[in-house]
Amino acid sequence: MEATPWGASPSTRKLPTVEAARSRAADDPRTPYHSNVEHVRNANFTGTIWREERHEATIINLDTGESKTLTAPSGPALGAQIAWEQQGLLAARHQAEVTAHAPRTVWVAEIRYLDGSTERAEADTHDELLLTLLSWKARTTATEHAMAAQPPAPELLDDETREAWIFKDALRGQYHATPGNYRKLAAWLRERKLLLTAQNLLKAFHELNDAHELEEA
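Residues numbered from 1 in each chain as written. Predicted model: local features only at pLDDT ≥ 70, side-chain atom pairs only at ≥ 80, totals over all residues. Heavy atoms only, no water.

Okay, the packing of aromatic side chains next. Note on aromatic pairs: each is described by the distance of the centres and the angle between the planes. Here the structure, examined in full by the defined rule, presents 3 aromatic pairs. A ring pair is formed by F167 and F205, whose centres lie 6.3 Å apart and whose planes are at 65°; its orientation type is edge-to-face. With a gap of 38 residues between them, F167 in helix α4 (residues 159-171) and F205 in helix α6 (residues 198-210) connect regions that are remote in the sequence. Overall, the relative accessible area of 1% leaves F167 in the buried class. You can call F205 buried: its relative accessible area is 2%. On the basis of an interplanar angle of 85° and a centroid distance of 6.2 Å, the ring pair of Y175 and F205 is categorised as edge-to-face. In this pair, Y175 is assigned in the loop between α4 and α5 (179-191) and F205 in helix α6, connecting sequence segments 30 residues apart. (Phe/Tyr/Trp six-rings, centres within 6.5 Å; stacked < 30°, edge-to-face > 60°. Helix = DSSP H or I, 4+ residues; strand = E, 2+ residues; numbered from the N terminus. Buried < 20%, exposed > 50% of the residue type's maximum accessible area, 1.4 Å probe, protein only.)

Here's what the structure looks like:
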């Protein structure tokens, strides 16, 4: 048999029974039609909201000082990640220090727009998650409409819309202004915790465009 990543041979001895596997699936909020999953829908997107555990640990390379945060949906899954990281460090003859953090519960939303693009959000509470989704929708819709229309007088624009127009003007027709493209740019900025500025939008455009992830005119 092929070795597992941890160097042990795989075995069927500890596999769960069919009944146990079904029980686990029933308790998993990501299971379709699970009672703990909330389905959301409006004219622009569909999605699901659920609550899940989040287990985290910080592993520090004592030789280089580099640190890494590991995240998993369960204790055993986190333990497997820690073992994998430790094995890599030991193979490089480095010492590691692991600090486990108290488990916490987060609310997660995955939404799919009509054009097929998706986004994911997390928050500590259900209300915070809904507010996040509403803020995304409100901001995206407002900027989409502003960029699709003729620009009003500069003094009438808010800061982010003004930056979006500067970005669009700088590309001189290279950027195809569609709702899907704007959502991808906005998601790219959120993932990197960058402000919506013309300069940051240009960075997002060039990376996504080079990866052929944007719609073309």
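Having put the structure on the table, let's press on.
This part takes up the pattern of salt bridges. Within the structure shown, the criterion is met by 9 salt bridges. Its salt-bridge partner being E52, residue R54 comes within 2.4 Å of it at the nearest N-O pair. Residue classification places R54 among the buried positions, given a relative accessible area of 7%. Residue E52 is classed as buried on the basis of its relative accessible area, which comes to 11%. Through salt bridges with shared partners, a single network forms among E52, R54, E110, R120 and E122. (Salt bridge = Lys/Arg side-chain N within 4 Å of Asp/Glu carboxyl O.)

Bringing the environment of T105 into the picture now. Along the chain, the position of T105 falls in strand β5 (residues 104-113). Residue class for T105 comes out partly exposed when judged on its relative accessible area of 40%.

Let's shift gears to the confidence of the model for the protein chain. In regions of low pLDDT, the predicted coordinates are not meant to be interpreted in detail. Per-residue confidence for the protein chain gives a mean pLDDT of 75, with 69% of residues at or over 70. The lowest-confidence element of the protein chain is helix α1 (residues 18-27), averaging 53 in pLDDT; the highest-confidence one is α6, averaging 90. (pLDDT = per-residue confidence, 0-100.)

This brings us to unusual backbone geometry. Here the phi dihedral of K193 falls at roughly 55°; this positive angle occurs in a residue that is not glycine. Relative to the helices and strands, K193 is located in the loop between α5 and α6. With phi around 60°, H212 is a residue other than glycine that occupies positive phi space. The topology assignment puts H212 in the segment after α6. Here H212 falls in the exposed class, since its relative accessible area comes to 69%.

Next up on the list: the nonpolar core. With 16 residues, the main nonpolar core has F167, Y175, L185, L189, L201 and F205 as its most contacted residues. Those elements giving two or more residues to this core turn out to be α4, α5 and α6. Grouped together as the second largest cluster of nonpolar side chains are 11 residues, W107, A121, A123 and L129 included. (Core = buried A, V, L, I, M, F, W, Y, C linked by side-chain atoms within 4.5 Å.)

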